[in-house]
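# Residue-level structure breakdown
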Amino acid sequence: MKLLIVEDEKALSRSIGEYLKMEGHICEFAQNYHEAFIKTADNTYNCIILDIGLPDGNGLDIIRELKKSKSNDRILILSAKTSLEDKLTGLKIGADDYLTKPFHMSELSARVNSICRRDNFVGFNEVTFNEIMVRTDEHQAFANDQLLNLTRKEYDLLLFFMANRDRIVTKESIVEHLWGDNVILTDSFDFVYTHVKNLRKKLLANNCGNYIKVIYGFGYKFCES
Ligand code: CA
């Protein structure tokens, strides 16, 4: 599972990451409110492990932002023993569970797994192309059964390509799909180029075929070689 660890205590953050990576999870980190805000806006996670007391803000506001953007990311709150009220507020505004510090790593891992398991009981839609599989309900993409660590834009791009397989998609249509139609196109072409390049790199690194073809002067085509 792909996890985000939001925790400003460096040693704690590191041990959580080491433990959960050992258990096979992909871990990303944010050390303050600002970093967490940016990460959660650009990515989706199976579970966000969220410390409430951050140096530059309250973790509860991250939950509020996530719920506002209709994110499906699951949230496990970490809180100090004294802040019962924070825990209750957190659960009320949409966190899935909480854990009081200090805790054992095995307990944390059990909670994370239990939260993530809940999603497996929700029906999901799959879109597949050879060794690539996208679960649209969970906003996750897999290659050869391995979870791909994609940014939200890369995920959207992959799904757009798969929905338009064997067809030429113009750079303009990609810009519209990724940013809506009220952006200045010329400024966005460089971003399209970068996102396509990064997506291709990640697919190749996960032993996928080279499906994204450049059609010079037009855009791209997602197809078998
Ligand atoms: Ca803290």
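Here is what the cut-offs are and how they apply
Residues numbered from 1 in each chain as written. Predicted model: local features only at pLDDT ≥ 70, side-chain atom pairs only at ≥ 80, totals over all residues. Heavy atoms only, no water. Pairing = 2+ DSSP bridges. Helix = DSSP H or I, 4+ residues; strand = E, 2+ residues; numbered from the N terminus. Axes fitted to C-alpha atoms, helices over the stretch in contact; angles between N-to-C directions. Contact = heavy atoms within 4.5 Å. Donors = N, O, S within 2.8 Å, 3.2 Å for Na, K, Ca; no water.

A few words now on the sheet that holds strand S13 (residues 212-215). Read from one edge to the other, the open sheet built from 3 strands follows the order S12-S14-S13, with strand pairing classed as antiparallel. Among the strands making up the open sheet, the edge pair consists of strand S12 (168-170) and S13. For this sheet, the mean inter-axis angle between neighbouring strands, taken without regard to orientation, is 35°. Where S12 meets strand S14 (residues 219-222), 3 bridges bridge the pair, whose relative direction is antiparallel. The residue of S14 that forms the bridge with Thr-170 is Gly-219. Packing against the sheet, helix H6 (residues 152-163) makes contact with S12, S13 and S14, and its axis sits at approximately 70° to S14. Contacts from helix H7 (residues 171-179) reach S12 and S14 within the one sheet, and its direction differs from that of S12 by about 70°.

The next point concerns the coordination of the calcium ion. Distances from the calcium ion to its protein donors, namely Asp-8 (OD), Asp-51 (OD) and Gly-53 (O), fall within the range 2.2 to 2.4 Å. Each donor residue of the calcium ion belongs to the same chain, and together they define the spacing D-x42-D-x1-G. Of this pair, Asp-8 sits in the loop between strand S1 (2-6) and helix H1 (10-22) while Gly-53 sits in strand S4 (residues 53-54), and the two are 45 residues apart along the sequence.

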